[in-house]
Amino acid sequence: MPMPYYVSPEQMMQDKAEYARKGIAKGRSSIAMEYDGGVLFTADNPSATLYKISEVYDSIAFAGAGKYSEFEHLRKAGIRHADLKGFLYSREDVTARALANSYSQSLGTIFSQEMKPLEVEILVVQVGADTQPNEIYRISFDGSIIDETALAVIGGRSDAVLAGLKAKMSGQMPSLKAAVGLCAAALDQAANQKLTPEGLEVAVLERARVGRKFRRLSADEIRHLLSA
Amino acid sequence: MMKFPHLPNADNSSFCDLLAQQHPEVLLSRMGAAPMEAARSGVPLSVPQATTVLAIKYQQGVVIAGDRRATEGFQIADRRIEKVFKIDDHSAMAIAGAAGPCIEMAKLFQTELEHYEKLEGMPLSCEGKANKLGQMVKANLPMVFQGLVVMPLYVGYDVKRGEGRIFKYDITGGRYEESDYHAIGSGGKDARNTMREHFQRQLPEADALSLALVALFNAADDDVGTGGPDLVRGIYPTAKLVTAQGIADVPEDRIRTVFDGVIAARRSREV
């Protein structure tokens, strides 16, 4: 009679984590960066219709990296969470913190209980009202959640992109133009080619907007911001 | 279908369905109360819709307006209630019927359209929005037998066609497009009579707004359920303009100016 083979829990978790990390590193990077008027999102995304960055609620946005089908499901679940909460309570009671916690719990449960972990890394970002600080949460495939400041990078060679950006950033909050320039240059470097405005997905959470603060930038606007 | 623990799961883009699945207790129409005595005995239902709301097409789009009165039997329950709601960047609705369910439907419809737009990455078409509202009116049918009618008048700017459109409904969710103007509520007939006499296609904005307010004034004159301008408290009907540029509230001083003119003209006839 064959012995059922044994895999230690440590080994199993390690294997799962490695599997997920590989999947996420295969893709391209997305960046969230604070600027003087809110939060900027920039992604290396050749598709004009399959988005990596999306609106969730009035002042909350989502960015996903890794396997599209998986983070797209998470994005939709997040919008459902936010819209339900806003309807049952009030619009101001919908917070990035609560949403990030739900994502964290969900990803953590799936990582420990399912055979295949999700190959995703996501950002949940809330632009602060008036003088309130912005909130940037980075959530990994295993549910670990990190509260970032100023800058966060997910997907692809995220460590390299992050190091490149940190080296170039001064301590001051950049303008939108400067921030788009920095992010585009960092993505160019990671991709080893000059990305066109059409190859970039750019969106902002603009603090000054009334109501829904999320806005996508058109290729023309990106071109204009990238021009010297 | 992937299921996420600790997050709401659903298999379509409808917020109404999501709410019914996750929190059915908050939806009146899902409470399933027994019909009123009158409905069971076959006596025709008289459904209270003490209100006048109306919409008129003009050159740039549609003006939608409504009075401010809410009644409870022979009492005035509220003098400042809002019956015209902005729904999204290109649509507005006005409602007649029981105040609570009416406001709930407007809020639900707002959330429904925003929810769809965010999930699908694009807004519903004008036609799609009008149809969705019809389904919501239909879902409310059980409540009609409780005497809780919700009757919307929907106005949208159809970006593809480049024109404003008006939709009316019946209690079963039937949806009918109006080509020029329409009014609903207890004073709806009086308002329609006024509009029929003075309506012209392609009116300028100022004339369309005046006609809307005169129609409301006449409705308030003949219908106890409709409030006219309250000169003592300074409460006036509200109006919104639905155009390619979006939804704009007509400022109160502009509405007051129109009513001042109407009242002066009526007074001069009495001397």
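Refer to the preceding data block for the structure.
The rules behind these values
Residues numbered from 1 in each chain as written. Chains lettered and ligands numbered in written order. Predicted model: local features only at pLDDT ≥ 70, side-chain atom pairs only at ≥ 80, totals over all residues. Pairing = 2+ DSSP bridges. Helix = DSSP H or I, 4+ residues; strand = E, 2+ residues; numbered from the N terminus. Contact = placed C-beta atoms within 7 Å. Nonpolar A, V, L, I, M, F, W, Y, C, P; charged D, E, K, R; others polar. Axes fitted to C-alpha atoms, helices over the stretch in contact; angles between N-to-C directions. Core = buried A, V, L, I, M, F, W, Y, C linked by C-beta atoms within 7 Å. Buried ≥ 20, exposed ≤ 12 C-beta atoms within 10 Å, placed from the backbone.

A. Structural context of the pairing of strand E9 (residues 175–178) of chain B. Residues and elements named next belong to chain B. Relative to E9, strand E8 (residues 163–169) runs antiparallel, the two being bridged by four bridges. Bridge pairing links Lys168 to Tyr176 in E9. Hairpin remark: E8 followed by E9, antiparallel, with five residues in the connecting loop; positive phi at Gly173, about 95°.

B. View of the interface of chain B and chain A. Contact with chain B, which involves 19 residues of that partner, is made by 16 residues of chain A. For the side of chain B that touches chain A, the elements supplying multiple residues, two or more each, are helix H1 (15–22) and helix H3 (99–120) of chain B. Looking at the side of chain B that touches chain A, its residues break down into eleven nonpolar, seven polar and one charged.

C. Quick peek at the sheet that holds strand E11 (residues 238–243) of chain B. Residue and element names in this part refer to chain B. What the five strands build is an open sheet, ordered E10-E1-E2-E11-E12; its pairing is antiparallel. Each end of this open sheet is capped by a strand with a single partner; those strands are strand E10 (181–184) and strand E12 (246–249). Recorded for the sheet is a direction-independent mean angle of 15° between the axes of neighbouring strands. Here strand E2 (residues 61–66) pairs with E11 via six bridges, running antiparallel. Bridging from a neighbouring strand, Ile64 pairs with Lys240 of E11. Along the sheet face, helix H6 (residues 188–198) touches strand E1 (53–57) and E10 and points at about 160° away from the line of E10.

D. The sheet that holds strand E2 (residues 38–44) of chain A, seen in detail. Residues and elements named next belong to chain A. Here we have five strands laid out as an open sheet, ordered E8-E1-E2-E9-E10, and antiparallel in their pairing. Two strands lie at the open edges of the sheet, namely strand E8 (151–154) and strand E10 (214–216), each paired on one side alone. Taking each pair of neighbouring strands and ignoring which way they run, the sheet shows an average axis angle of 15°. Here E2 pairs with strand E9 (residues 200–206) via seven bridges, running antiparallel. Bridge pairing links Thr42 to Val202 in E9. Of the strands in this sheet, strand E1 (30–35), E2 and E9 touch helix H5 (residues 176–191), which is tilted by about 25° from E2.

E. Molecular detail of unusual backbone geometry. All names here are of chain A. Here the phi dihedral of Asp130 falls at roughly 50°; this positive angle occurs in a residue that is not glycine. Within the secondary structure, Asp130 is located in the loop between strand E5 (120–126) and strand E6 (135–139). One non-glycine residue with positive phi stands out, namely Asn192, at about 60°. Its location among the elements puts Asn192 in the loop between H5 and E9.

F. Geometry of the nonpolar core. Residues Val124 of chain A together with Val63 and Ala212 of chain B are the most contacted members of the largest nonpolar core, which totals 133 residues. Looking at this core, the element that brings in the most residues is helix H7 (residues 205–222) of chain B, giving eleven residues. With residues up to four places along the chain from it excluded, the contact list for Ala212 of chain B reads Leu54, Ile56, Val63, Ala65 and Ala239 of chain B.

G. Representation of the environment of Ile139 of chain A. Residues and elements named next belong to chain A. Positionally, Ile139 belongs in strand E6. A tally of 25 C-beta atoms within 10 Å means that Ile139 is categorised as buried. When near neighbours in sequence (up to four residues on either side) are disregarded, Ile139 contacts Ala100, Tyr103, Ser104, Leu107, Ile122, Val124 and Ile145.

Remember that the coordinates give geometry; whether it matters functionally is a separate question.
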